Amino acid sequence: MPSTTARALATIAGEQYDQFHEYSENDPPLAAQIRKYWTGIGFSFPGVAEAWSAVFVSWCVKQSGASKTQFLFNPQHSQFVYAAIRNAASGAGVFRAYPIADYQPQIGDIVQNNRDGQTFDYDYASTHKSYSSHSAVVVESGIDSAGAYVRTIGGNESDSIRRKRVALNAHGRIAQRALSPYICVIQNLM
């Protein structure tokens, strides 16, 4: 059962989607909000041309109540994933990353996947702090005609804030895909 803070993270991501998903990053309302994402986690705003998906996730996590000692707010997904993998390995911290085959995603968790044709896996992520990837916040789970799923909300998806359906297997874990394979799930224990 997701905690109150994990549910808050999902709610915050959902509110951002509701307010901005019809805008492109170059539209003034979303561009102004992207500036707030950057500055809200302590970074200078480099403009909307700079990838902002990790900044979106970091900002949402911060708004849910996490401190910088609990989550590594960063413009690179790989940075906060690396910290969460280290937390899982040591059994410490409130954000812990696990391989997709080992953990069932819950509302308020964060799903990381490859991008740009990469095929990095959990072992790679556990030993590297900098590589191209993407992540999004789990905001819903359910079953539809195609089977079990979780729905995520992420930033800088097609230059906006978007929702995506992530298929689950019979064990409730993420079903791996060939294109942009999934790397891990960050469990939110806050």
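One can find the structure itself at the top, above this paragraph.
Residues numbered from 1 in each chain as written. Predicted model: local features only at pLDDT ≥ 70, side-chain atom pairs only at ≥ 80, totals over all residues. Heavy atoms only, no water.

(A) Quick look at the state of the cysteines. Inspection of every chain in the model, using the stated rule, returns zero disulfides. Between Cys60, a free cysteine, and Cys184, which holds the nearest cysteine sulfur, the sulfur-to-sulfur gap is 17 Å. (Disulfide = S-S within 2.5 Å.)

(B) Just the sheet that holds strand S6 (residues 182-188), in detail. Across the sheet, six strands lie side by side as S1-S6-S2-S3-S4-S5; this open sheet has antiparallel pairing. A strand with exactly one partner marks an edge of an open sheet, and here the two such strands are strand S1 (95-99) and strand S5 (160-167). The sheet shows a mean angle of 35 degrees between the axes of neighbouring strands, taken without regard to direction. As paired elements, strand S3 (residues 133-144) and strand S4 (residues 147-157) share seven bridges and run antiparallel to each other. For Ile143, the partnering residue across the bridge sits in S4 and is Ala148. Helix-sheet contacts for helix H3 (residues 53-63) involve S1, strand S2 (110-114), S3, S4 and S5, and the interaxial angle to S4 is about 110 degrees. (Pairing = 2+ DSSP bridges. Helix = DSSP H or I, 4+ residues; strand = E, 2+ residues; numbered from the N terminus. Axes fitted to C-alpha atoms, helices over the stretch in contact; angles between N-to-C directions. Contact = heavy atoms within 4.5 Å.)

(C) Region of the structure containing the side chain of Ser58. One can find Ser58 in helix H3. Here the side chain of Ser58 touches Asn74 through a polar contact of 3.1 Å, landing on its backbone nitrogen. With residues up to four places along the chain from it excluded, the contact list for Ser58 reads Ile41, Phe71, Leu72, Phe73, Asn74 and Phe80. (Polar contact = N/O pair within 3.5 Å; in protein donor to acceptor, adjacent residues only side chain to side chain.)

(D) Quick peek at the layout of surface pockets. Roughly 210 Å³ of internal volume is contained in the largest pocket. Along the walls of the largest pocket sit 14 residues, with Asn113, His134, Glu157, Lys164 and Arg177 positioned nearest its centre. When residues of the lining of the largest pocket are traced back to their parent elements, those giving at least two are S2, S3, S4 and S5. Here the residues of the lining of the largest pocket are counted per class, giving four nonpolar, six polar and four charged. (1 Å grid on protein atoms, 1.4 Å probe; cavity = no way out; pocket = protein on both sides within 12 Å on 5 of 7 lines; lining within 4 Å. Points joined across faces, edges and corners; volume = space filled by probe spheres on them. Nonpolar A, V, L, I, M, F, W, Y, C, P; charged D, E, K, R; others polar.)

(E) View of the pattern of salt bridges. Evaluated as defined, the whole model comprises four salt bridges. A salt bridge links Lys164 to Glu157, with the shortest nitrogen-to-oxygen separation between them at 3.9 Å. Since its relative accessible area comes to 44%, Lys164 is described here as partly exposed. (Salt bridge = Lys/Arg side-chain N within 4 Å of Asp/Glu carboxyl O. Buried < 20%, exposed > 50% of the residue type's maximum accessible area, 1.4 Å probe, protein only.)

(F) Main features of the packing of helix H2 (residues 28-40) against H3. One way to put it is that H2 packs onto H3 with a least axis distance of 9 Å and a crossing angle of 70 degrees. Considering the angle they form, H2 stands roughly perpendicular to H3. The way H2 lies across H3 gives a crossing that is left-handed. Across from Gln33, Lys36, Tyr37, Trp38 and Gly40 in H2, the residues of H3 making contact are Val55, Phe56, Trp59 and Lys62. Its residues placed into classes, the contact of H2 with H3 shows five nonpolar, two polar and two charged. (Parallel < 35°, antiparallel > 145°, perpendicular 65-115°, else oblique. Left-handed = near helix turned anticlockwise from the far one by under 90°.)

(G) Summary view of the packing of aromatic side chains. Throughout the structure, instances matching the rule amount to 11 aromatic pairs. Residues Phe120 and Tyr131 carry aromatic rings whose centres are separated by 5.2 Å and whose planes lie at 65 degrees to one another, so their mutual orientation is edge-to-face. Here Phe120 is found in the loop between S2 and helix H5 (122-125), whereas its partner Tyr131 is found in the loop between H5 and S3, with 11 residues between them in sequence. Here the two residues Phe120 and Tyr131 agree in accessibility, since each one is buried. What links up through ring pairs into an aromatic cluster is the set Tyr37, Trp52, Phe56 and Trp59. The ring centre of Phe73 lies 5.9 Å from the NZ or CZ of Lys62, which sits over that ring. (Phe/Tyr/Trp six-rings, centres within 6.5 Å; stacked < 30°, edge-to-face > 60°. Lys NZ or Arg CZ within 6 Å of the ring centre and 35° of its normal.)

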